[in-house]
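# Geometric and topological summary
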Amino acid sequence: MADSFNLEIISPAGKVFSGAMKHVRAPGREGSFGVLPGHTPFITPLKVGVIEGTTQSGGNLTVATSGGMAEVHGDRCVILAETAEEKGAIDQERAKASLTRAEKRLTEKAPDLDTERARAAIARAMNRLKVIGG
């Protein structure tokens, strides 16, 4: 059995990560799940949360995601994410501003307010801040 597998995280903006991994944990819609080398094949939807893992070289991977799909097959795990940002790429001030705007939209209750969209924006901003410890 191999001691690693290849992980690819792809968002509409492009490839976020590609590399050999020892372990990955991701936020499945039905609950968090982990992937190790030789994992049983499956496909599952993702929710807002954190993708974490240990690279083959022993480094840590931390990525904020707002959902998508994950497929594990053979020696590969492919995550097609709605959005995905590595921890080091998250702009704390931008995330705080996003959170403030979304909260303001909810409290103002404008007649054309899309409540579900505002709540989703809050969840995404809070997740990004959680990832960076802000």
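Above this text sits the structure in question.
Cut-offs applied
Residues numbered from 1 in each chain as written. Predicted model: local features only at pLDDT ≥ 70, side-chain atom pairs only at ≥ 80, totals over all residues. Heavy atoms only, no water. Phe/Tyr/Trp six-rings, centres within 6.5 Å; stacked < 30°, edge-to-face > 60°. Buried < 20%, exposed > 50% of the residue type's maximum accessible area, 1.4 Å probe, protein only. Patch = residues over 30% accessible without salt bridge, like charges linked within 9 Å, V, L, I, M, F, W, Y side chains within 5 Å. Areas by Shrake-Rupley, 256 points an atom, 1.4 Å probe, with all protein chains shown as cover. Salt bridge = Lys/Arg side-chain N within 4 Å of Asp/Glu carboxyl O. Helix = DSSP H or I, 4+ residues; strand = E, 2+ residues; numbered from the N terminus. Contact = heavy atoms within 4.5 Å. Core = buried A, V, L, I, M, F, W, Y, C linked by side-chain atoms within 4.5 Å.

### Thoughts on the packing of aromatic side chains
In total, this model carries 1 aromatic pair according to the counting rule given. Pairing phenylalanine 33 with phenylalanine 42 gives two aromatic rings, centres 5.3 Å apart and planes at 90°, and the pair type is edge-to-face. Assessed through its relative accessible area of 22%, phenylalanine 42 is described here as partly exposed.

### Quick look at a nonpolar patch on the surface
Where nonpolar side chains cluster on the molecular surface, the patch consists of Ile43, Met69 and Leu80 and spans about 300 Å² of accessible area. Here methionine 69 lies in strand β5 (residues 60-73). Methionine 69 sits in the partly exposed class, given a relative accessible area of 38%.

### Side note on the side chain of asparagine 127
Structurally, asparagine 127 can be placed in helix α2 (residues 115-132). Contact partners of asparagine 127, with chain neighbours within four places excluded, come to Val48, Gly49, Val50, Ala64 and Thr65.

### A few points about the nonpolar core
The tendency in soluble globular proteins is for nonpolar side chains to be buried as a group. Grouped together as the largest cluster of nonpolar side chains are 20 residues, with contacts concentrated most on Phe5, Leu7, Ile9, Met21, Ile51, Leu61 and Ile79. At 5 residues, the largest contribution of residues to this core is made by strand β2 (residues 14-28). Contacts of leucine 61, omitting those with residues within four sequence positions, involve Leu7, Ile9, Phe17, Met21, Ile51, Glu52, Gly53 and Glu86.

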